[in-house]
Amino acid sequence: MSESLDLRLALAETELENPVLPYLRQDRIPHIWCPGCGIGSVVTSFAEAVRRSKLDRDKIAVVSGIGCTGRVAGYVDFDSMHTTHGRAIPVATGLHLANPDLKVVVFSGDGDLTGIGGNHFIHAARRNMNLTVICVNNFTYGMTGGQVTPTTPSGANASTTPYGNYEYPFSLPFLADAAGATYIARWTSLHSRNVTQSIEEALKHKGFSFVEVISPCTTLYLRRNRLGDGVDTLQYYQDNSILKHGADTRETAIDFQGKMLVGKFVERQKPTYLDAVNATCAKLIGDDYQLYGKTPPEKEAEKKAAAKGKKKAAK
Amino acid sequence: MTEATLKADPKGVLTGVHFIDGDHAACEGALAAGCRFVAGYPITPSTEIVERFAARIPKVGGVFIQMEDELAASIAIQGGVWAGHKVMNVTSGPGLSLMMEHLGYAAMTETPCVWVDVQRGGPSTGLPTLPAQADMMQVKWGSHGDYEIIALSPNSPQECFDLMIKAFNLSEEYRCPVFLMMDEVVGHMTERVNIPPADQIEITDRKWTKKKPGEYKAYATTSDDLVPEMVKAGDGYRIHVTGLTHDERGYPAMDVPNQAKLIPRLLNKIRNNTEQLLDVRMDGCDDADVIVMSFGITSRVATAAIEAARAKGLKVGNLRLIICWPFPVKLIQQLAEKVKAFVVPELNMGQMVLEVRRAVEGKVKVISIPHPGGTVHEPETILEQIIEAAR
Amino acid sequence: MSAEDNAKKGKGTVFVRMEVCKGCSYCIDFCPTHALDFSKEFNQKGYHFPVLNRAEDCTGCDLCGLFCPDFAIFGARWKDLDEKRQQAASQVEP
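**Q** Before we go on, may I ask you to explain the overall build of chain B in this structure?
**A** When its secondary structure is counted, chain B shows twelve helices and 18 strands. Relative to the 2.2 N^0.38 estimate, which gives 21 Å for 391 residues, the radius of gyration of chain B is 21 Å and therefore close to what a compact globule would have. Considered along the principal axes of its C-alpha atoms, chain B spans approximately 70 × 50 × 40 Å. The buried share among the 391 residues of chain B stands at 63%. Restricting to contacts in chain B with at least 6 residues of sequence separation, those with at least 24 account for 77%. Put simply, chain B shows about 14,200 Å² of open surface, and 51% of that area lies on carbon and sulfur atoms. Within chain B, the 49 negative side-chain charges are centred at a point lying 4 Å from the centre of the 39 positive side-chain charges.

**Q** Would you mind showing me how to read the interface of chain A and chain C here?
**A** In many reports, interface size means the accessible area that the parts give up when they come together. Taken residue by residue, the interface counts 36 residues in chain A and 32 residues in chain C. For the chain A and chain C pair, buried surface summed over both sides reaches about 2,800 Å², with 67% attributable to carbon and sulfur atoms. Linking chain A to chain C there are zero salt bridges. Applying the counting criterion to the chain A and chain C interface returns nine residue pairs in polar contact (both at pLDDT 80 or more). Elements supplying a minimum of two residues to the side of chain A that touches chain C: α1 (3-15), α2 (39-53), α8 (192-204) and α10 (230-240) of chain A. Taken together, the residues of the side of chain A that touches chain C sort by class into 20 nonpolar, twelve polar and four charged.

**Q** Looking at this structure, how should I read the packing of α2 of chain A against α8 of chain A?
**A** When two helices pack together, their arrangement is captured by the angle between the axes and the distance separating the axes. Residue and element names in this part refer to chain A. Viewed as axis vectors pointing N to C, α2 and α8 meet at an angle of 50°, and their least axial separation amounts to 8 Å. Taken together, α2 and α8 sit at an angle that is classed as oblique. Both α2 and α8 take part in a crossing whose hand is right-handed. Residue-level inspection shows Ser-45, Phe-46, Glu-48, Ala-49, Val-50, Arg-52 and Ser-53 of α2 in contact with α8, the latter providing Ser-192, Val-195, Thr-196, Ile-199, Glu-200, Leu-203 and Lys-204. Among the residues making up the contact of α2 with α8, the classes are represented as six nonpolar, four polar and four charged.

**Q** Whenever I open this one, the interface of chain A and chain B confuses me. Can you help?
**A** The interface of chain A with chain B comprises 40 residues on the first partner and 41 residues on the second. Of the roughly 3,300 Å² buried between chain A and chain B, counting both surfaces, carbon and sulfur atoms make up 59%. Three residues stand out in chain A for area buried against chain B, namely Asp-79, Met-81 and His-82 of chain A, and they jointly supply 16% of the buried area on that side. Summed over the shared surface of chain A and chain B, the number is four salt bridges. Asp-77 of chain A is paired through a salt bridge with Arg-238 of chain B; the nearest N and O atoms lie 3.4 Å apart. Among the elements of the structure, α3 (72-75), β2 (79-82), α4 (88-98), α6 (118-126) and α11 (273-285) of chain A are those that each provide at least two residues to the side of chain A that touches chain B. The greatest single-element share of the side of chain A that touches chain B, amounting to seven residues, is contributed by α4 of chain A. Along the lines of polarity and charge, the residues of the side of chain A that touches chain B split into 16 nonpolar, 13 polar and eleven charged. Relative to strand β12 (residues 240-242) of chain B, β2 of chain A runs parallel, the two sharing three bridges.

**Q** Can you help me understand the domain arrangement of chain A in this one?
**A** According to the domain assignment, chain A contains domain 1 (3-270) and domain 2 (274-314). On a C-alpha basis, the centroid separation for the pair domain 1 of chain A and domain 2 of chain A is 37 Å.

**Q** When you look at the pairing of strand β4 (residues 63-66) of chain B in this model, what are you seeing that I'm missing?
**A** Every regular strand shows the same layout, with side chains that alternate between the two sheet faces. Bridging between strand β3 (residues 35-40) of chain B and β4 of chain B involves four bridges; their strand directions are parallel. Bridge pairing links Gly-40 of chain B to Gln-66 of chain B in β4 of chain B.

**Q** Would you mind showing me how to read the packing of helix α3 (residues 70-82) of chain B against helix α4 (residues 93-109) of chain B here?
**A** Residues and elements named next belong to chain B. Orientation of α3 relative to α4, taken along the N-to-C sense of each, is 25°, at an axis distance of 7 Å. Between α3 and α4, the interaxial angle falls into the category roughly parallel. For the crossing formed where α3 meets α4, the hand is right-handed. Note on element contacts: α4 touches α3 through Gly-95, Leu-98, Met-99, His-102, Tyr-105, Ala-106 and Thr-109, opposite Glu-70, Leu-71, Ser-74, Ile-75, Gln-78 and Trp-82.

**Q** Teacher, can you tell me more about the packing of aromatic side chains here?
**A** The geometry of an aromatic ring pair is captured by two quantities: the separation of the ring centres and the angle between the planes. With the rule as written, the count across this model stands at 13 aromatic pairs over all chains. Judged by centre distance (6.3 Å) and plane angle (25°), the ring pair of Tyr-23 of chain A and Phe-78 of chain A falls under stacked. In this pair, Tyr-23 of chain A sits in the loop between α1 and α2 while Phe-78 of chain A sits in the loop between α3 and β2, placing the two residues 55 residues apart along the sequence. Here Tyr-23 of chain A falls in the buried class, since its relative accessible area comes to 11%. An aromatic cluster of at least three residues, connected via ring pairs, comprises Tyr-23, Phe-46, Phe-78 and Phe-107 of chain A. Directly above the ring of Trp-141 of chain B sits Lys-140 of chain B, whose terminal nitrogen or CZ lies 3.9 Å from the centroid. Here the basic side chain of Lys-140 of chain B rests over the ring of Tyr-147 of chain B, its NZ or CZ set 5.6 Å away from the ring centre.

**Q** What should I look at first to understand the arrangement of the chains in this one?
**A** With two pairs of chains in contact overall, the greatest share of contacts is found between chains A and B. Separated throughout, chain B and chain C approach each other most closely at a C-alpha pair spaced 19 Å apart.

**Q** What am I meant to see in the sheet that holds strand β18 (residues 365-369) of chain B here?
**A** Pairing between the strands of a sheet is mediated by backbone hydrogen bonds and can be parallel or antiparallel. Residues and elements named next belong to chain B. Within the open sheet, the five strands sit side by side as β13-β15-β14-β17-β18. Their pairing is mixed. Of all strands in the sheet, those bounded by a partner on one side alone are β13 (280-283) and β18. In this sheet, adjacent strand axes meet at a mean angle of 20° when their direction is disregarded. Relative to strand β15 (residues 316-321), strand β14 (residues 290-295) runs parallel, the two sharing six bridges. Across the sheet, residue Ile-291 finds its bridge partner in β15, namely Gly-317. Against the sheet, helix α11 (residues 352-360) makes contact with β14, β17 (341-345) and β18, and its axis sits at roughly 180° relative to β18, the strand it touches most. Against the sheet, helix α12 (residues 379-390) engages β14, β15, β17 and β18, with an angle of about 165° to β18.

The rules behind the values
Residues numbered from 1 in each chain as written. Chains lettered and ligands numbered in written order. Predicted model: local features only at pLDDT ≥ 70, side-chain atom pairs only at ≥ 80, totals over all residues. Heavy atoms only, no water. Helix = DSSP H or I, 4+ residues; strand = E, 2+ residues; numbered from the N terminus. Rg over C-alpha atoms; globule rule 2.2 N^0.38 Å. Buried < 20%, exposed > 50% of the residue type's maximum accessible area, 1.4 Å probe, protein only. Contact = heavy atoms within 4.5 Å. Areas by Shrake-Rupley, 256 points an atom, 1.4 Å probe, with all protein chains shown as cover. Lys, Arg positive; Asp, Glu negative; His and termini not counted. Charge placed at Lys NZ, Arg CZ, Asp CG, Glu CD. Buried area = accessible area lost by both parts, 1.4 Å probe. Salt bridge = Lys/Arg side-chain N within 4 Å of Asp/Glu carboxyl O. Polar contact = N/O pair within 3.5 Å; in protein donor to acceptor, adjacent residues only side chain to side chain. Nonpolar A, V, L, I, M, F, W, Y, C, P; charged D, E, K, R; others polar. Axes fitted to C-alpha atoms, helices over the stretch in contact; angles between N-to-C directions. Parallel < 35°, antiparallel > 145°, perpendicular 65-115°, else oblique. Left-handed = near helix turned anticlockwise from the far one by under 90°. Pairing = 2+ DSSP bridges. Domains from an automatic or database assignment. Phe/Tyr/Trp six-rings, centres within 6.5 Å; stacked < 30°, edge-to-face > 60°. Lys NZ or Arg CZ within 6 Å of the ring centre and 35° of its normal.

Okay, here's the thing in structure tokens:
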């Protein structure tokens, strides 16, 4: 090999970059998340899922609310909106309805999604709005200092339940199922490959898809509850997660440091919100109604069909 | 500023003479202006606007969704804007109180959108089916932090139509929330509304950028033009929109220099254009001793009182604000050099009168005619105060 | 990059961006073949970052990359790397 070729190869090797990086706004890395925080791992899985799904990157929008997970929108290199606290899903609904060609992904924490934003979560699921919602559930409000959330297990210590949490927590897969979500999976941040696969499936799913990822908050939840560091928690995930695809979502509650079910719990088909809008309006208006929010291939197919029809008429 | 001026899309324009109420006329104004997406939440007395929109939109080509609450409605529309649509947000007092955080979000992210507030008596649930003009200060100051908005005040169904189009155009020109401050009486008053042909309706297009991805910066402005160019999601620009203090790229930048750059620009893009945003109706103000300043439904009562006063030989000017925010401080100052007093009737316990006092700086008398709402003023009450002021 | 020093001892190797590492040790503790150790040095932020001390054990499985919350490490198999090099070489030669 010539010397110049060697040089080129060396260059090629340095160009060989972390496969996640092309999906990140690299000028914003390093991120603000603490050492051992699971959110970064979920972002890695998301990036890999997008790569595998072969979806057009410029037709994906990422929306998040406020909090640690809320910062995801600022780090990923897609069209992204960092909204107000709890309102990621309404913004995603607006983006999706105004431009149904967009695949809108909501990245949200447990407090943001099911505390302040709980109403939007259940209603988007009820409507089977065509959105993908990824919830990084770390059982705490991390950005504000470790307060109790609707998912904090009973008995766990939080800065606003300093003597232990005396509330009953939400089980998010059960909540999503009851509200009408049509794809529901839960993993932990240890299950990177499964998270990737579930997010890929969720991206391709038509309807409201929900992926919950249990994730360590090293600085607040773990420290307050004396659960060691991130590695101890991943070890706990490994020892205590029970894989059960298709599990009854009523069984998915998580006790403090108890066993937890993981897997793909629900996958079913149901008309989405826009499907229902179109069906109703088509019935009302008849042939003149132009279906709202058709994808470009559908529109092209329709044009071709119309052109053929004209030719036939001309003959 | 140079915005592309277009003609209205005929699909949304219901050309002709109609006998409809202010709510319905406002909805027609929005459709004529190009609004094709509304996320609504019902609240008396504004509901007819979204009801008509829901009925009309399948045939016009667009979509309506009734959201789960006002918080969702006021932010879902902003998602719609960033996907490329023109949108409006329709509510009344209690709903508006819930939406305040998202008013700030729209101001901070420079999301063009129209907010319709059909005002009713308050505070709290107050008088759901009766009028007031008591949200005038709330829209200007209700969200936390410093921001500027534009607010228009119609006094008839015809104006609900006309000013709605103007509101949409201003929101695109300045990229800020623009309010249409209706009230229960204007909303439910049925009158003749003339909707012109589409080619006679001028529409301001969004300030779309011509730059390519890579060279475009979401919030870059020049010293001549403080309004940044816009793109929409899905076009390859990979924009980031955040309510955090941000830099020119739109990335969070929470420090003093960026705050010191961003916030004054958000305010100055409106404040520097107060002259262009002056929209008032003046009648007999040149040689007046007393000027009655009013807006919205109160201006109709005021006009009756002014005519009665003139019949008694008094020199009374009629000043009606069409654009209430930004407040025409300079105009009031100029008039204060010439008159003895201002009389300010309004359907609240004294809100816009504070602005008049601030502008006048104690040079002349300013008489407030407050009203707790629920009905309009008696013309006699205003007349008495005019006579008092003219003394 | 550690790849240069460990010329093809194992089935794969890792690439570390040491300056963005926050030393959480996920990659080190969960490496299936225990090929990684903490460095003796600190990075600019004062964290020890991972180094491939037992290159012969690395399979290039990229579990470290999947777990890493900071996008600071990823693994690759020599097989895939060689393929990429060849692709690069074919682009260089006319």
